[in-house]
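Listed here are the chains, written in short residue letters.
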Amino acid sequence: MERLGKLFKFLRGHELDCILVKDVPTIRYLTGFTGDSSLLYADDRVAILLTDGRYTEQARSQMKYCRVLEYKPASSHAIWDAAVELIGAKARVGFDADAYSYTEGSLLGELLPESARLVPVDLRPLRMVKDERELKSLWQAFKIADAAFEHLLKELHSGMSEKEAAARLEYYMRSLGSEGVSFDTIVASGYRSALPHGAPTDKTLEVGDFVTFDYGAICDGYHSDTTRTVVLGMANSWHREIYTIVEEAHYRGIKNAKPGMTGKELDGLIRDYITSRGYGKYFNHGLGHGVGLEIHELPNINSRGDVILEPGMVFSIEPGIYIPGKGGVRIEDTVVLTADGARSLTGLKDSLLEIV
């Protein structure tokens, strides 16, 4: 009920007569419903989930404080007809516009009476500060991901392809209880480690390669997100130089994260450090992003991150250096912010690991 209370408070604060929520993670957060293809309607008195016969019983079993209204999918816009009937003569109708396609938004506008006004709103900030139940799920997701990665490291060897390494890592996460993978697993080796989002290929791992792994598990819908870069064989002076810079940047990111600052300020501190070491132009993405029911959510920890950071927020810290044609390093922890600073959710060490 506490989470639905946030929605009712949002309605009052934005002077809305009602709201129609389409975003699947937000509906799950507010109600506990894990299905899709549904709408959440709320006004100052009631919250109602609009869904069809595929999800009716599931919704009723998962939700305690929200009514379920089953609509009959007699036409392509049946759910919108049902929503408009609930809205009735209400004038200011909020909707999470980013979750709607242009066609859906246009259709809803056409079906509403002329007296109604659609008001676009952003509900994502409601999910930024995690409660204890959410943090418990996040801890478990990271525990699974950590154990899976440690399993993989015991098997990693030259001649293994990036695709095989990714498949094994995903298998171990699944076998340890993950509901799926947080995103398409990244494994990029050698010169390909300079690709921040390098999808695994048939390239084989070779002695002397940096190998970057970016991966995540899911528990109760909550995602983990971790990146580690290892060296296959013994590290040379170049490996150690850029790894040490990224390791220090990563340490500073966690150490300097405090309530009251913005994501933009934290990003700037770490970007300035990497620049001072001569590699600023090779750090070509933001320092981090919020993590939760979605792998990328608020708050932003980058040049656009103007949200004031608060205890309970969960976000990644992932500095990197990427040198085209040669290779790169990224180290990423996801942290929970407390009154005393940031606490990492992963138990993995971030020191340089040589696979020999």
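This one's a predicted model, so the numbers in the text were calculated from it and none came from an experiment.

A.B. asks: Is there a simple way to think about the overall build of the chain in this case?
C.D. replies: Within the chain one finds nine helices and 19 strands. Rg of the C-alpha trace for the chain: 23 Å, near the compact-globule value of 21 Å for 356 residues, within the 12% margin. Evaluated residue by residue, the chain yields a buried proportion of 54% over its 356 residues. For the chain, contacts bridging at least 24 residues in sequence account for 65% of all contacts bridging at least 6.

A.B. asks: Explanation requested: the pattern of salt bridges in the structure shown.
C.D. replies: Side-chain pairs of opposite charge can arise whenever the charged atoms involved come near each other. Evaluation of the coordinates by the stated rule reveals 24 salt bridges. The partner of aspartate 43 in a salt bridge is arginine 45, with the nearest N and O atoms 4.0 Å apart. Under the relative-accessibility criterion, arginine 45 is labelled exposed at 67%. One salt bridge connects glutamate 294 with arginine 127, and the closest N-O pair in it is separated by 2.8 Å. Here the residue glutamate 294 occupies a position in the loop between strand 12 (288-290) and strand 13 (297-301), and arginine 127 occupies one in the loop between strand 6 (117-120) and helix 6 (132-153), the gap between them amounting to 167 residues. With a relative accessible area of 3%, arginine 127 lands in the buried category. Several salt bridges converge on common partners, so that one network encompasses Asp23, Arg127, Lys130, Glu294 and Glu297.

A.B. asks: Hey, could you run me through the state of the cysteines in this one?
C.D. replies: One pass over the full model with this rule turns up zero disulfides. Between cysteine 18, a cysteine without a disulfide, and cysteine 66, which holds the nearest cysteine sulfur, the sulfur-to-sulfur distance is 14 Å. By relative accessible area, which is 0% here, cysteine 18 ends up buried. Given a relative accessible area of 10%, cysteine 66 falls into the buried group.

A.B. asks: Just checking my understanding: could you explain helix 2 (residues 24-31) for this structure?
C.D. replies: Turn by turn, an α-helix covers 3.6 residues, leaving residues three or four places apart pointing in a common direction. Burial runs high along helix 2: six of the eight residues are buried. Two residues or fewer after helix 2 comes glycine 32, characterised by a positive phi angle close to 90 degrees.

A.B. asks: Sorry, what's going on with the packing of helix 8 (residues 237-256) against helix 9 (residues 263-276) here?
C.D. replies: Two quantities define a packed helix pair, namely the angle between the axes and the distance from one axis to the other. Two elements in contact, helix 8 and helix 9, have axes separated by 10 Å at closest approach and are oriented at 155 degrees. It follows that helix 8 is roughly antiparallel to helix 9 by the angle criterion. When the axes of helix 8 and helix 9 are compared, the crossing they make is right-handed. Counted together, Ile245, Glu248, Ala249, Arg252, Gly253 and Asn256 of helix 8 and Leu266, Leu269, Ile270, Tyr273 and Ile274 of helix 9 form the full contact between these two elements.

A.B. asks: Teacher, can you tell me more about the sheet that holds strand 3 (residues 47-51) here?
C.D. replies: Adjacent strands of a sheet form backbone hydrogen bonds with each other and so pair up, either parallel or antiparallel. Pairing within the open sheet is mixed, and its six strands lie in the order 4-3-2-1-5-6. The sheet terminates laterally at strand 4 (67-70) and strand 6, the two strands that pair on one side only. Taking each pair of neighbouring strands and ignoring which way they run, the sheet shows an average axis angle of 25 degrees. Strands strand 1 (18-21), strand 2 (39-43) and strand 3 of the sheet are contacted by helix 1 (residues 2-13), whose axis makes an angle of about 60 degrees with strand 2.

A.B. asks: Explanation requested: the environment of leucine 266 in the structure shown.
C.D. replies: Here leucine 266 shows up in helix 9. The spatial distance from the C-alpha of leucine 266 to the C-alpha of isoleucine 254 is 9.4 Å, given a sequence separation of twelve residues. When sequence neighbours within four positions are dropped, the list of residues in contact with leucine 266 reads Gly253, Asn256, Ala257, Met261, Leu287, Ile301 and Phe315.

A.B. asks: Can you walk me through the layout of surface pockets in this structure?
C.D. replies: A probe matching the size of a water molecule, rolled over the atoms, marks out where space remains unfilled. By volume, the largest pocket amounts to about 560 Å³. For the largest pocket, the lining is made up of 25 residues, of which Arg3, Arg28, Tyr29, Gly32 and Arg133 are closest to its centre. Of all the secondary-structure elements, those providing two or more residues to the lining of the largest pocket are helix 1, helix 2 and helix 6. When grouped by side-chain class, the residues that make up the lining of the largest pocket number nine nonpolar, five polar and eleven charged. Around the second largest pocket, the lining comprises 24 residues; the ones closest to its centre are His197, Asp225, His289, His296 and Glu318. Those elements that provide at least two residues to the lining of the second largest pocket are strand 12 and strand 13.

A.B. asks: Mind showing me how you'd approach the environment of glycine 253 here?
C.D. replies: For glycine 253, the location among the structural elements is in helix 8. Spatially, the C-alpha atoms of glycine 253 and serine 101 are 37 Å apart, while their sequence positions differ by 152 residues. The contacts of glycine 253, once residues within four sequence positions are left out, are Leu266, Ile270 and Ile317.

A.B. asks: Any chance you could explain the sheet that holds strand 8 (residues 210-215) here in plain terms?
C.D. replies: Strand order in the open sheet formed by four strands is 7-8-11-19, with mixed pairing between adjacent strands. With one partner strand each, in any of the chains shown, strand 7 (186-189) and strand 19 (354-355) form the two edges of the open sheet. By the bridge criterion, six bridges tie strand 8 to strand 11 (residues 226-232) in an arrangement that is antiparallel. Its bridge partner being in strand 11, valine 211 is matched across the sheet by valine 230. Contacts between helix 6 and the sheet are confined to strand 8, strand 11 and strand 19, with strand 8 contributing the most and set at about 150 degrees to the helix. Set on the sheet, helix 8 makes contact with strand 8, strand 11 and strand 19; between it and strand 8 the angle comes to about 35 degrees.

Rules behind the numbers
Residues numbered from 1 in each chain as written. Predicted model: local features only at pLDDT ≥ 70, side-chain atom pairs only at ≥ 80, totals over all residues. Heavy atoms only, no water. Helix = DSSP H or I, 4+ residues; strand = E, 2+ residues; numbered from the N terminus. Rg over C-alpha atoms; globule rule 2.2 N^0.38 Å. Buried < 20%, exposed > 50% of the residue type's maximum accessible area, 1.4 Å probe, protein only. Contact = heavy atoms within 4.5 Å. Salt bridge = Lys/Arg side-chain N within 4 Å of Asp/Glu carboxyl O. Disulfide = S-S within 2.5 Å. Axes fitted to C-alpha atoms, helices over the stretch in contact; angles between N-to-C directions. Parallel < 35°, antiparallel > 145°, perpendicular 65-115°, else oblique. Left-handed = near helix turned anticlockwise from the far one by under 90°. Pairing = 2+ DSSP bridges. 1 Å grid on protein atoms, 1.4 Å probe; cavity = no way out; pocket = protein on both sides within 12 Å on 5 of 7 lines; lining within 4 Å. Points joined across faces, edges and corners; volume = space filled by probe spheres on them. Nonpolar A, V, L, I, M, F, W, Y, C, P; charged D, E, K, R; others polar.

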